[in-house]
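Spelled out from the first residue to the last, the chains are:
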Amino acid sequence: MIDTGDFRDRIRQSFGRQGAMDMLGAELTRAEQAMVEIEFAYDEKLTQQHGFLHAGVISAALETACTYAAYTTIAPDVSILTIEFKVNLLSPGRGERFLFRGEITKPGSTIIVADGRAYAIGDGPAKLIASMTSSMMVIRGREDVVG
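Residues numbered from 1 in each chain as written. Predicted model: local features only at pLDDT ≥ 70, side-chain atom pairs only at ≥ 80, totals over all residues. Heavy atoms only, no water.

## Observations concerning the packing of aromatic side chains
Part 1: Enumeration over the complete set of coordinates arrives at 4 aromatic pairs.
Part 2: Ring geometry for phenylalanine 40 versus phenylalanine 100: centroids 5.1 Å apart, planes at 25°, classification stacked. Of this pair, phenylalanine 40 sits in strand E2 (residues 35–41) while phenylalanine 100 sits in strand E4 (residues 97–106), and the two are 60 residues apart along the sequence. For the pair phenylalanine 40 and phenylalanine 100, a shared accessibility class is recorded, and that class is buried. (Phe/Tyr/Trp six-rings, centres within 6.5 Å; stacked < 30°, edge-to-face > 60°. Helix = DSSP H or I, 4+ residues; strand = E, 2+ residues; numbered from the N terminus. Buried < 20%, exposed > 50% of the residue type's maximum accessible area, 1.4 Å probe, protein only.)

## Quick look at the pattern of salt bridges
Pairing between side chains of opposite charge can happen when their charged atoms approach one another.
Part 1: Going through the model one piece at a time under the given rule, you end up with 5 salt bridges.
Part 2: In this structure, glutamate 32 engages arginine 8 in a salt bridge whose closest nitrogen and oxygen atoms are separated by 2.9 Å. Placement of glutamate 32 in strand E1 (residues 27–32) and of arginine 8 in helix H1 (residues 7–16) is noted, with a sequence separation of 24 residues between them.
Part 3: One salt bridge in this structure joins arginine 97 and glutamate 39, with 3.5 Å as the shortest N-O distance. Of this pair, arginine 97 sits in strand E4 while glutamate 39 sits in strand E2, and the two are 58 residues apart along the sequence. (Salt bridge = Lys/Arg side-chain N within 4 Å of Asp/Glu carboxyl O.)

## As for the nonpolar core
Part 1: In terms of nonpolar packing, the biggest core is built from 38 residues, with Phe40, Leu53, Ile58, Ile80, Phe100 and Ile112 touching the most fellow members.
Part 2: If you list the elements that add at least two residues to this core, you get H1, helix H2 (19–24), E2, helix H3 (55–71), E4, strand E5 (111–121) and strand E6 (127–139).
Part 3: Tallying contributions element by element places H3 first for this core, with 10 residues.
Part 4: Other than its neighbours up to four places away in sequence, leucine 53 contacts Phe40, Leu46, Thr47, Gln48, Ile58, Gly93, Phe98 and Phe100. (Core = buried A, V, L, I, M, F, W, Y, C linked by side-chain atoms within 4.5 Å. Contact = heavy atoms within 4.5 Å.)

## Regarding the side chain of serine 59
Part 1: With respect to the secondary-structure elements, serine 59 resides in helix H3.
Part 2: Taking the relative accessible area as the measure of exposure, serine 59 reaches 15% and is therefore buried.

## Examining the packing of H1 against H3
Part 1: In contact at an axis separation of 10 Å, H1 and H3 are set at 145° when each is read in the N-to-C sense. Handedness of the H1/H3 crossing: right-handed. Residues Phe7, Arg10, Ile11, Ser14 and Phe15 of H1 form the contact with H3, whose own contacting residues are Thr64, Tyr68 and Tyr71.
Part 2: Its residues assigned to classes, the contact of H1 with H3 comprises 5 nonpolar, 2 polar and 1 charged. (Axes fitted to C-alpha atoms, helices over the stretch in contact; angles between N-to-C directions. Left-handed = near helix turned anticlockwise from the far one by under 90°. Nonpolar A, V, L, I, M, F, W, Y, C, P; charged D, E, K, R; others polar.)

## A short note on a nonpolar patch on the surface
Part 1: A cluster of nonpolar side chains, Ile83, Ile111 and Met137, forms an exposed patch at the surface whose accessible area comes to about 230 Å².
Part 2: Along the polypeptide, isoleucine 111 turns up in strand E5.
Part 3: Isoleucine 111 gets classed as partly exposed once you look at its relative accessible area, which sits at 35%. (Patch = residues over 30% accessible without salt bridge, like charges linked within 9 Å, V, L, I, M, F, W, Y side chains within 5 Å. Areas by Shrake-Rupley, 256 points an atom, 1.4 Å probe, with all protein chains shown as cover.)

## Side note on H3
Part 1: With 17 residues, H3 ought to run about 24 Å at 1.5 Å a step, and its terminal C-alpha atoms sit 24 Å apart, in line with that.
Part 2: Burial analysis of H3 places 14 of its 17 residues in the buried class, the great majority of the element. (Expected span 1.5 Å × (residues − 1).)

Structure below.
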């Protein structure tokens, strides 16, 4: 079993350096072994022409949740880069808040696979609006890819 060290602190620090997530107003709300959640509020600046959350925004938040879920399974001296993802947009992104959950499907020492789910939160139960499958590569020994 890999010693993941204090992955929560490592993820919080790394997430804090993400300008893209800061631009979205995103918060890291949960980090557990093999699962991470990110949330943010509806903002008109993040929508497409019909007022729905933009597909690119959904994809970025899901990819980030999946990547940080992968961080919970790796050693502290390595990092992760996404190498592929597929997004299924299932329902318009309409809500007061949005939740993005990444969960590890297959951990690995070289390639990690994760699945993500995006939910719109408003009146009533949370609504599934998108899903993602992503593959990430474990990066070792590169000074330009750390934490």
